[in-house]
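Structural characterization, general
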Amino acid sequence: MEGQIDKNDLKIKKLAIAIIIIFHLVGLLGFLIPVAQPYFIKLVPFHLLLMFAVIVCTYNADIKRLALFVCGVFLCGFLVEVLGVKTGKIFGSYYYGTTLGFKIATVPLLMGVNWVILIFSTGQMIKSLKIRNGILASLIGGLCLITFDFFLEPVAMKFDYWHWDWHEIPLQNYIAWFVVSVILLKFYYALGLKQQKYIGTAMFLSQFIFFVVLYMTTR
């Protein structure tokens, strides 16, 4: 019976990875084809929700820990974005466009979901490197995320995710991204969430390649 469960779990993981890769590839093609861009931009919220669902539905360990992680990162990520937009003192002066959908306090609710996806996928990827020290793993993960953000920012402005005042991305943004990422990754490691084989790595790398390609082709 246990062997059958393991086989079923492996099938689910393989299906999840296929969904992650295929949807990012299709989305990338849609963003690269000018006539298709307006339609694919409208699908961005659904894409993020699908990736979130993949994370939640494929997790096969203590669901209470996962729920604590999701709620904690969602609330912290969303609130820091609200404070960032309202004060301009965290990331710099910026505002959100329409691509990410419904907003509360001028911040899309999906930003909380986005933080959950990024922290989970990065945490899982770094955990696969067998780094036992949670602080070191969090610092490495933070460096991965500011590298990711470097390619994300110009693409986000082009496709109306968010916009920076004077169209300049401040150094402050990357410093804040690193600090917030390290704190949330430390929270992730403190919870001891079970490693989900390859899913986190596939999620992070698919997103990373998506924005790197768009960064190189749409500037």
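Report follows, based on the coordinates. This one's a predicted model, so the numbers in the text were calculated from it and none came from an experiment. (Residues numbered from 1 in each chain as written. Predicted model: local features only at pLDDT ≥ 70, side-chain atom pairs only at ≥ 80, totals over all residues. Heavy atoms only, no water.)

Core analysis: the largest hydrophobic core is formed by 66 residues, its most contacted members being F69, I119, Y161 and W162. With eleven residues, helix α5 (residues 110-127) is the single largest residue contributor to this core. (Core = buried A, V, L, I, M, F, W, Y, C linked by side-chain atoms within 4.5 Å. Buried < 20%, exposed > 50% of the residue type's maximum accessible area, 1.4 Å probe, protein only. Helix = DSSP H or I, 4+ residues; strand = E, 2+ residues; numbered from the N terminus.)

Looking now at the packing of aromatic side chains. Describing an aromatic ring pair means giving the distance of the ring centres and the angle of the ring planes. In the structure shown here, the tally under the stated rule is 21 aromatic pairs. Pairing F69 with Y188 gives two aromatic rings, centres 5.6 Å apart and planes at 75°, and the pair type is edge-to-face. Of this pair, F69 sits in helix α4 (residues 63-87) while Y188 sits in helix α7 (residues 171-191), and the two are 119 residues apart along the sequence. By the burial criterion, F69 is buried, and Y188 matches it. Their ring planes at 70° and their centres at 5.6 Å tell us that Y94 and Y96 sit as a pair that is edge-to-face. Of the residues examined, Y94 reaches a relative accessible area of 6% and is grouped as buried. By relative accessible area, Y96 is classed as buried at 6%. What links up through ring pairs into an aromatic cluster is the set F31, F148, F150, F151, F159, F204, F208, F210, F211 and Y215. Just above the ring of F159 sits the side chain of K158; from NZ or CZ to the centre is 5.8 Å. (Phe/Tyr/Trp six-rings, centres within 6.5 Å; stacked < 30°, edge-to-face > 60°. Lys NZ or Arg CZ within 6 Å of the ring centre and 35° of its normal.)

Moving on to the pattern of salt bridges. Counted under the stated rule, the structure contains one salt bridge. With a closest N to O distance of 3.8 Å, R65 and D62 form a salt bridge. R65 sits in the partly exposed class, given a relative accessible area of 39%. (Salt bridge = Lys/Arg side-chain N within 4 Å of Asp/Glu carboxyl O.)

Take empty space enclosed by the protein next. Counting across every chain of the model gives one cavity of 30 Å³ or more. There is about 70 Å³ of room inside the largest cavity. The wall of the largest cavity is formed by E81, F91, Y94, Y96, M111, E153, W162, W164, N173 and W177. When grouped by side-chain class, the residues that make up the lining of the largest cavity number seven nonpolar, one polar and two charged. (1 Å grid on protein atoms, 1.4 Å probe; cavity = no way out; pocket = protein on both sides within 12 Å on 5 of 7 lines; lining within 4 Å. Points joined across faces, edges and corners; volume = space filled by probe spheres on them. Nonpolar A, V, L, I, M, F, W, Y, C, P; charged D, E, K, R; others polar.)

Our focus in this paragraph is the packing of α5 against helix α6 (residues 134-158). With their axes 10 Å apart at the nearest point, α5 and α6 run at an angle of 125° to one another. On the basis of their axis angle, the class for α5 and α6 is oblique. In the crossing of α5 with α6, the sense of the turn from one axis to the other is right-handed. Between α5 and α6, the contacting residues are L118, I119, T122, M125 and I126 on the first element and A137, I140, G141, C144, L145 and F148 on the second. Partitioned by chemical class, the residues of the contact of α5 with α6 number nine nonpolar, two polar and no charged. (Axes fitted to C-alpha atoms, helices over the stretch in contact; angles between N-to-C directions. Parallel < 35°, antiparallel > 145°, perpendicular 65-115°, else oblique. Left-handed = near helix turned anticlockwise from the far one by under 90°. Contact = heavy atoms within 4.5 Å.)

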